[in-house]
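Next come the chains, spelled out residue by residue.
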Amino acid sequence: MRAMQDNLKKFVVKELQNFVQGNRQNVLADHDKIPIYDPPLVGFAAARDPLFEKLKEPEVIGKHHRSPAEWLDRAKTVVSYFLPFSRQVREPNRSEGLPAEEWVSARIAGEEFNDAVRRHLVKVLEGLGGKAVAPVLEDAFAVVGFRSNWSERHAAYAAGLGTFGLSRSLITVKGCAGRYGSVVTTLNLEPDPRPYKGLYEGCPWFTDGSCGRCLERCPSGAITRKGKDVRVCSDYLDNVIKPRYRPRYGCGKCQTAVPCEKASPV
């Protein structure tokens, strides 16, 4: 049984990697067709992991956050992935000041492609005999205040992909500059072990008080020694970035030109 599950997991990972690599949608058409994403990281979490219930606590996300079973009856597994932005997207955004054109374009076109990845993963899992849903694509998905009822980053944390940093980005072995996605399925796949115990083990600021580079990089002042104020960040995006780049938006300065941009610094 374990060997069969391992083979199924390897198949799912390979399907995702093949879908991302060389996909015509995984390019920025207005920027010389540079690739948006590098191959993804993929992780698996148990749908009954107590962590998902903990996310309902007010000091974490809130009671409006749905558990996997609330998205899909008889849910067994959450498949999470991280899509790292390519070098061609990251490097221009290492400058000071306003975000690079490549970055704000990738923020929009990249999320459109991320939705395609979600749909493909649903199709793969259903092809293996299970039921599957991508919470972010469901009609019930909603944002209450500044917190959604399904957190892609926390799903990735549960699946062993990484830990949080001062900027609230999730730091993986391929860094924090990128986008996340996940699908809930009734297939019973072995969860991956989490190679960490705490939320912030991958961030030098929390482990030994060093770094803080994202604090220096934040143009809005949203990141302080105490963490990130999402309201300040949102205000900057709404009043500075969106009017200038509309319909595109994004910033990502805290995710580029930092030690955790493309690798784990710990």
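Just so it is clear, the structure is predicted and the values come from calculations on it, not from any experiment.

Engineer: How would you explain a nonpolar patch on the surface if you had to name every residue and give the values?
Structural biologist: Side chains of Leu199, Tyr200 and Phe206 sit close together on the surface and give an oily, nonpolar patch of about 260 Å² of accessible area. Within the element layout of this structure, Phe206 appears in helix H7 (residues 204-207). A relative accessible area of 39% places Phe206 in the partly exposed class.

Engineer: Any details on the sheet that holds strand E3 (residues 41-46)? Residues and values, ideally.
Structural biologist: Across the sheet, which stays open at both edges, the four strands sit in the order E3-E4-E10-E5 with antiparallel pairing between neighbours. Pairing within the sheet leaves two strands with one partner each, and these edge strands are E3 and strand E5 (132-133). Seen against the sheet, helix H5 (residues 101-127) touches strand E4 (77-84), E5 and strand E10 (178-185) and runs at an angle of roughly 25 degrees to E10.

Engineer: Which residues make up the environment of Val266, and what values do they have?
Structural biologist: With respect to the secondary-structure elements, Val266 resides in the segment after helix H9 (230-245). Between the C-alpha atom of Val266 and that of Glu201, which follows or precedes it by 65 residues, the distance is 7.8 Å. Ignoring sequence-local partners within four residues, the contact set of Val266 consists of Glu201, Gly202, Cys203, Pro204 and Thr207.

Engineer: If you had to explain H9 to someone new, which residues and values would you point to?
Structural biologist: Residue Leu237 marks the point of greatest curvature in H9, where the axis turns by about 35 degrees. Those residues of H9 lying buried are Cys233, Tyr236, Leu237, Ile241 and Tyr245. Looking at the buried residues of H9, the elements they touch are H5 and strand E12 (227-228). Residue Asp229 occupies the N-cap position of H9, its side-chain oxygen lying 3.0 Å from the main-chain nitrogen of Arg231.

Engineer: Report on H5, specifying residues and quantitative values.
Structural biologist: End to end, H5 covers 38 Å across 27 residues, agreeing with the expected 39 Å (1.5 Å per residue, within 8%). Within H5, the axis deviates most sharply at Arg107, by approximately 30 degrees. Looking one or two places after H5, you find Gly129, whose phi comes out positive at around 105 degrees.

Engineer: Got a sec to walk through the pairing of E4? Specific residues and values, please.
Structural biologist: Most of E4 sits out of view: eight of its eight residues are buried. By the alternation rule, side chains of E4 split into Thr77, Val79, Tyr81 and Leu83 and Val78, Ser80, Phe82 and Pro84, which are all buried. Sheet topology note: the E3/E4 ladder contains six bridges and is antiparallel. Residue Phe44 lies in a different strand from E4, and its bridge partner there is Val79. Alignment of E4 against E10, held across eight bridges, turns out to be antiparallel. Among the inter-strand pairings, Thr77 is bridged to a residue of E10, identified as Thr185.

Engineer: Go over the pattern of salt bridges, please, and point to the residues and values.
Structural biologist: One side chain can pair with another of opposite charge once the charged atoms of both are near each other. Within the structure shown, the criterion is met by 18 salt bridges. Between Arg94 and Glu261 there is a salt bridge, and its shortest N-O distance comes to 2.8 Å. Of the two residues, Arg94 sits in the loop between helix H4 (87-90) and H5 while Glu261 sits in the segment after H9, which places them 167 residues apart along the sequence. Judged by its relative accessible area of 4%, Glu261 falls in the buried class. One salt bridge in this structure joins Glu101 and Arg248, with 2.6 Å as the shortest N-O distance. Here Glu101 is found in helix H5, whereas its partner Arg248 is found in the segment after H9, with 147 residues between them in sequence. Because the salt bridges share partners, they merge into one network encompassing Arg87, Arg90, Glu91, Arg94 and Glu261.

Engineer: Report on the nonpolar core, specifying residues and quantitative values.
Structural biologist: By size, the foremost hydrophobic cluster in this structure holds 31 residues, and its most contacted members are Val117, Leu121 and Leu125. When residues of this core are traced back to their parent elements, those giving at least two are helix H1 (2-20), E3, E4 and H5. It is H5 that provides the largest number of residues to this core, a total of nine residues. In this view, Leu125 contacts Val12, Val79, Gly130, Ala132, Val183, Thr185 and Leu187; residues no more than four positions away in its chain are not counted. The next biggest cluster of nonpolar side chains, apart from the first, holds 25 residues, and it includes Ala75, Trp150, Phe164 and Leu170.

What counts and what doesn't
Residues numbered from 1 in each chain as written. Predicted model: local features only at pLDDT ≥ 70, side-chain atom pairs only at ≥ 80, totals over all residues. Heavy atoms only, no water. Patch = residues over 30% accessible without salt bridge, like charges linked within 9 Å, V, L, I, M, F, W, Y side chains within 5 Å. Areas by Shrake-Rupley, 256 points an atom, 1.4 Å probe, with all protein chains shown as cover. Salt bridge = Lys/Arg side-chain N within 4 Å of Asp/Glu carboxyl O. Helix = DSSP H or I, 4+ residues; strand = E, 2+ residues; numbered from the N terminus. Buried < 20%, exposed > 50% of the residue type's maximum accessible area, 1.4 Å probe, protein only. Pairing = 2+ DSSP bridges. Contact = heavy atoms within 4.5 Å. Axes fitted to C-alpha atoms, helices over the stretch in contact; angles between N-to-C directions. Bend = angle between axes of the 7 residues up to and from the residue. Polar contact = N/O pair within 3.5 Å; in protein donor to acceptor, adjacent residues only side chain to side chain. Expected span 1.5 Å × (residues − 1). Core = buried A, V, L, I, M, F, W, Y, C linked by side-chain atoms within 4.5 Å.

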